[in-house]
Every structure is written in structure tokens, then in C-alpha cells.
Amino acid sequence: MVALGWLVRLILGGSLTAYGVLFLPVCVLTAAWVRRGDLLTSPVVVPIGFAAGLLPVADGDGPAGRVIGLVTALATQAGWLYGGTLIAGVIALSRRVALIRARRRAHVPL
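Residues numbered from 1 in each chain as written. Predicted model: local features only at pLDDT ≥ 70, side-chain atom pairs only at ≥ 80, totals over all residues. Heavy atoms only, no water.

(A) Region of interest: the overall build of the protein chain. Assigned secondary structure in the protein chain consists of 5 helices and 0 strands. When the elements of the protein chain are put in sequence order from the N terminus, they spell out α-α-α-α-α. Computed over C-alpha atoms, the radius of gyration of the protein chain comes to 17 Å, more than 25% over the 13 Å expected from 2.2 N^0.38 for 110 residues, which places it beyond the range of a compact globule. If one aligns the C-alpha atoms of the protein chain with their principal axes, the spans along those axes are about 65 × 25 × 20 Å. Residues counted as buried form 29% of the 110 residues belonging to the protein chain. Across the protein chain, the fraction of contacts at a sequence separation of at least 24, relative to all contacts at a separation of at least 6, is 70%. Counting only carbon and sulfur atoms, one obtains 71% of the accessible surface of the protein chain, whose full area is about 6,900 Å². (Helix = DSSP H or I, 4+ residues; strand = E, 2+ residues; numbered from the N terminus. Rg over C-alpha atoms; globule rule 2.2 N^0.38 Å. Buried < 20%, exposed > 50% of the residue type's maximum accessible area, 1.4 Å probe, protein only. Contact = heavy atoms within 4.5 Å. Areas by Shrake-Rupley, 256 points an atom, 1.4 Å probe, with all protein chains shown as cover.)

(B) Summary view of the packing of helix α3 (residues 42-57) against helix α4 (residues 62-76). α4 packs onto α3 with a crossing angle of 130 degrees between their chain directions and a minimal axis gap of 9 Å. Comparing their axes, α4 and α3 come out oblique. α3 and α4 meet at a crossing whose hand is right-handed. Each of Phe50, Ala51, Leu54, Leu55 and Pro56 in α3 lies in contact with α4, whose residues at this interface are Arg66, Leu70, Ala73 and Leu74. Broken down by class, the residue content of the contact of α3 with α4 amounts to 8 nonpolar, no polar and 1 charged. (Axes fitted to C-alpha atoms, helices over the stretch in contact; angles between N-to-C directions. Parallel < 35°, antiparallel > 145°, perpendicular 65-115°, else oblique. Left-handed = near helix turned anticlockwise from the far one by under 90°. Nonpolar A, V, L, I, M, F, W, Y, C, P; charged D, E, K, R; others polar.)

(C) Summary view of the nonpolar core. Membership of the largest hydrophobic core comes to 14 residues, with the highest contact counts inside it found for Tyr19, Phe23, Phe50 and Leu54. Listed by contribution, the elements that provide at least two residues to this core are α2 (16-33), α3, α4 and α5 (78-107). Beyond its immediate sequence surroundings of up to four residues, phenylalanine 50 is in contact with Met1, Tyr19, Phe23, Leu74, Gln77, Trp80 and Leu81. (Core = buried A, V, L, I, M, F, W, Y, C linked by side-chain atoms within 4.5 Å.)

(D) Here's a closer look at the confidence of the model for the protein chain. Overall, the predicted model of the protein chain reaches an average pLDDT of 92, with 98% of residues at or above 70. Element-level pLDDT for the protein chain is lowest in α4, with a mean of 92, against a maximum mean of 95 in helix α1 (residues 2-12). (pLDDT = per-residue confidence, 0-100.)

Laid out in C-alpha cells, this is it:
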């Protein structure tokens, strides 16, 4: 997400909407590619990545201005954050349920 944030800043001029739109496929890929043992952590990691990626995109001069820009960006882009977290959570939960069902089918004799 940090690399994506830098790309959005360089190519798209720091558009927060573009960053939010590009965040959604990252959420899908995160939940789809995570190891089976880490399925339940993907919805937790996604918001952290969103916030880290906002650092290059957020406006502000100096350290205090950068913090204010980050907080403002998090507040105004919360919809993308919640949507992406929900997507990652649903995919991870679906994968977890499928793994549990497959494990139960493997242990039940026919």
C-alpha cells in the first residue's frame, strides 16, 4: 500500500479517491492470497496497510501538517477503509468456512 500510495501521488497527483478505488483490489488479493493459518488476520492487516499507504498521499507541510493531513484523509476516506475491510473479512471468512467444511468431509467416513 505504501508503494501504491507513492504511485498515486506521482501519477495521479495524490488523488484520495483513486487511492481508495485501488485499495479495494488490494483487499481482495490480500484475503485471497493469505496463508490458511493467517486467514483471520487479513481483515486486521488491511486497515493498517490503508493507513500506511496514506502517508505519501496525505497533504501537509512539516511533521505536524503531515499528521493533520493523515488524520483528515483517514476521516474523509473512511468509506473506502470500511468497504475494503468488509471485503477482506467476507473473503477470509468464506475461505475459513470452506476449509472447515473440507476438513470435516475428510474425517467423516462414508
